[in-house]
Amino acid sequence: EPEVTQTPSHQVTQMGQEVILRCVPISNHLYFYWYRQILGQKVEFLVSFYNNEISEKSEIFDDQFSVERPDGSNFTLKIRSTKLEDSAMYFCASSEDRGRQYFGPGTRLTVT
Amino acid sequence: AQKVTQAQTEISVVEKEDVTLDCVYETRDTTYYLFWYKQPPSGELVFLIRRNSFDEQNEISGRYSWNFQKSTSSFNFTITASQVVDSAVYFCALIGNTNAGKSTFGDGTTLTVKP
């Protein structure tokens, strides 16, 4: 089965620093997503991206967050100035249509 | 607005018991998709099943079965003859057709299967 990949698997950063989380979606997929899961809680939608623009974003996705598809294969999530509460597992997902989403293995972000 | 409710926070069973995980959903969309995912301690989300709103047939895959009932907005998941390896957090999720692909997840049910 095709896979979504994410790097790094674990990122430790200091509060106030910028981080970029990277994802390589499945090659023929057109829709891309980021989700967040704070430890012990449910998975929360952050943003969806289609045709090089944001389709929908949640209240969590404020001005500190941005997404980009810089080169036709990668899909990145940038957090400009990390806060302690940004510590979470971040999942990237992609889909061919609006049906099944294929999730990557996640990046665990720890903000100290 | 979309909502998924998994009322059971934690379930503990003994190996070989059957267990049913409940999922109730709300959506205004007439076309939608329902999913179940397994999240083992390693943290990844493992896809188990997708069901379209227009297909109410129940499904069985090995020890797993799913009961979709539109009349009660429920999509319950049963594990037959549970095994220790089934221990994980299980999430039910919903994608409505008008929501740009946004998945709404339930809070999850932590299943512990004891030997």
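Nothing here was measured: the structure is a model prediction, and the numbers come from that model.

Chemist: I tried to follow the interface of chain B and chain A on my own but got confused; where do I start?
Modeler: Reports of interface size often rely on the accessible area that becomes lost once the parts have come together. Tallying the contact residues gives 20 residues for chain B and 19 residues for chain A. Here chain B packs against chain A, burying approximately 1,700 Å² in sum over the two surfaces, 57% of which is carbon and sulfur. Only strand E5 (32-39), strand E6 (46-52), strand E10 (88-96) and strand E11 (103-105) of chain B provide two or more residues apiece to the side of chain B that touches chain A. Among the elements that make up the side of chain B that touches chain A, the one with the highest residue count is E5(B) (four residues).

Chemist: Looking at this structure, how should I read the side chain of Ser82(B)?
Modeler: On the secondary structure map, Ser82(B) appears in the loop between strand E9 (74-79) and E10. In this view, Ser82(B) contacts Val13(B), Val14(B), Glu15(B), Lys16(B), Glu17(B), Arg63(B) and Val113(B); residues no more than four positions away in its chain are not counted.

Chemist: Just to check I follow, could you spell out the environment of Ile38(A) for this structure?
Modeler: Residues and elements named next belong to chain A. For Ile38, the position within the fold is in the loop between strand E4 (31-37) and strand E5 (44-50). When its relative accessible area of 22% is taken as the criterion, Ile38 is described as partly exposed. In sequence terms Ile38 and Cys92 are 54 residues apart; their C-alpha atoms lie 15 Å from each other. The residues touching Ile38, leaving out its near neighbours within four places in the chain, are Glu44, Glu85, Ser87 and Ala88.

Chemist: Would you mind showing me how to read the sheet that holds strand E1 (residues 5-7) of chain A here?
Modeler: By way of backbone hydrogen bonds, the strands of a sheet pair with one another, either parallel or antiparallel. Residues and elements named next belong to chain A. Strands sit in the order E1-E3-E8-E7 across an open sheet of four strands; the sheet is antiparallel. Lying at the two open borders of the sheet, with one neighbouring strand each, are E1 and strand E7 (65-68). Across the sheet, the axes of successive neighbouring strands diverge by a mean angle of 20°, strand direction being ignored. Where E1 lies against strand E3 (residues 19-24), three bridges are found, and the strand directions are antiparallel.

Cut-off values and rules
Residues numbered from 1 in each chain as written. Chains lettered and ligands numbered in written order. Predicted model: local features only at pLDDT ≥ 70, side-chain atom pairs only at ≥ 80, totals over all residues. Heavy atoms only, no water. Contact = heavy atoms within 4.5 Å. Buried area = accessible area lost by both parts, 1.4 Å probe. Helix = DSSP H or I, 4+ residues; strand = E, 2+ residues; numbered from the N terminus. Buried < 20%, exposed > 50% of the residue type's maximum accessible area, 1.4 Å probe, protein only. Pairing = 2+ DSSP bridges. Axes fitted to C-alpha atoms, helices over the stretch in contact; angles between N-to-C directions.

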